[in-house]
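Below are the chains, spelled out letter by letter.
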Amino acid sequence: MDNLDKQSKKYFHIPVMLEEIISNLDLKKGGYYIDCTLGGAGYTSLIAEKIGPEGKVLAIDLDDLALENAKDILESKGLSNVILAKSNFKNLDQVSHKFFPRSFKFDGIVFDLGLSSAQLDDESRGFSFKGTRPLNMAFSQTSEPSTEDIVNKYSVEDLAKIFSDYGEERKAEQIALNIVKKRKDKRIKTTNDLVKIIEEVKPFNFKSNIHPATKVFQALRIETNSEYKVLEQALEKAEEKLKTGGKLVVVSFHSGEDRIVKNFLRDRKNSSFKNITKKPIECSLEEADRNPRARSAKLRSAEKI
Ligand SMILES: C[S@@+](CC[C@H](N)C(=O)[O-])C[C@H]1O[C@@H](n2cnc3c(N)ncnc32)[C@H](O)[C@@H]1O
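Procedures and definitions
Residues numbered from 1 in each chain as written. Predicted model: local features only at pLDDT ≥ 70, side-chain atom pairs only at ≥ 80, totals over all residues. Pairing = 2+ DSSP bridges. Helix = DSSP H or I, 4+ residues; strand = E, 2+ residues; numbered from the N terminus. Axes fitted to C-alpha atoms, helices over the stretch in contact; angles between N-to-C directions. Buried ≥ 20, exposed ≤ 12 C-beta atoms within 10 Å, placed from the backbone. Arc of directions from axis to C-beta. Contact = placed C-beta atoms within 7 Å. Parallel < 35°, antiparallel > 145°, perpendicular 65-115°, else oblique. Left-handed = near helix turned anticlockwise from the far one by under 90°. Nonpolar A, V, L, I, M, F, W, Y, C, P; charged D, E, K, R; others polar.

Trainee: Is there a simple way to explain the sheet that holds strand β6 (residues 273–275) in this structure?
Mentor: What links the strands of a sheet is backbone hydrogen bonding, and the strands pair in either a parallel or an antiparallel sense. The sheet built from 7 strands is open, its strands ordered β3-β2-β1-β4-β5-β7-β6 with mixed pairing. For this open sheet the edge positions go to β3 (82–86) and β6, each flanked by a neighbour on one side alone. Adjacent strand axes in the sheet meet at a mean angle of 20° when their direction is disregarded. Two strands pair when backbone bridges link them, and strand β2 (residues 56–61) and β3 are joined in this way by 5 bridges, in the parallel orientation. Residue L58 lies in a different strand from β3, and its bridge partner there is I83.

Trainee: In this structure, what is going on with helix α10 (residues 191–201)? I would like to understand it.
Mentor: Working note: α-helix, 3.6 residues per turn, so residues spaced by three or four point in the same direction. Listed in full, the buried residues belonging to α10 are T191, L194, I197 and I198. Angular distribution of buried residues about the axis of α10 spans 130°; they occupy a single face of the element. Residues of α10 that are buried make contact with α7 (147–153), α9 (172–185) and α11 (214–224).

Trainee: Which parts of the structure should I look at to understand the packing of helix α8 (residues 156–167) against α9?
Mentor: When two helices pack together, their arrangement is given by the angle between their axes and by how far apart the axes lie. The interhelical angle for the contact between α8 and α9, taken along N-to-C directions, is 140°, at an axis separation of 8 Å. Taken together, the axes of α8 and α9 lie oblique to each other. Like other packed secondary-structure pairs, α8 and α9 cross with a definite hand, here right-handed. Taking contact as the criterion, the partners of V156, L159, A160, F163 and S164 in α8 are, on α9, A172, E173, I175, A176, L177, I179 and V180. Across the contact of α8 with α9, the residue classes break down as 10 nonpolar, 1 polar and 1 charged.

Trainee: I'm lost on the environment of N192 in this one. Help?
Mentor: Checked against the element boundaries, N192 lands in helix α10. Separated by 120 residues in sequence, N192 and D72 place their C-alpha atoms 34 Å apart.

Given below as structure tokens:
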């Protein structure tokens, strides 16, 4: 069984804009890099190969599934220059201090935000609205509050606000009202329970290529993982841990994430960062055909000055 077969059996994820990532990180032989979102180890293993045995990749993920899979991939590729760390990337400075001196700075830090295809397919979690799965959208497998608690305990106003702010859902209030009405009869426990409640407000439409639950699911995932706050904190830590000339590369998948990265770089323009990408890079048509997930990806990169 070759590596790809082995990888796809356990953990399927096609890395997005891999070539662009590598060129924007401007990899150096013997360089030191942090991959804040290990996922299927697509970026990590290519970075590790390119920098050679003298260099190192510190690869972080919250998900045991990703970390276990990466161990096998790295072993099968004979790569021993990767440190795997289970942590939230908002703590990337503390993770670095575990393995390197406190003053140590990196040549590049990369983020590929959101979730992997393997997590979407994982039936023990509720990232996908397909099938009947537990309402659990935590990257780390548990969260406080859980997605189920958010759905069953948040007020109408709070639910409507997250659906609107994080999902840009036009029917945010009606969906929130229907959730609160339905949960009075019975606790909402599965993705299927939730999809039915959403579809009462937004019926499934064969002509639309967006499922009616897409935006609400995205909003619940962002809320469950405090994704916006965590990203802001992580970017500040990345600023601290990059050496002068070091590269920051971020791939985001929706406007809220991209706005955070854009504003972060705008606020530091000519003080601590110089933009490499003036406008975000999008994937090629060929990649969009091959990997539909890449269609919404936006890559921004900057150099620490
Ligand atoms: C899109 S995937 C990364 C794919 C990866 N670049 C590859 O080449 O396979 C995103 C990964 O980031 C992880 N993740 C998301 N938020 C995180 C956080 N705050 N801290 C650590 N890992 C996080 C997810 O668990 C997921 O495995």
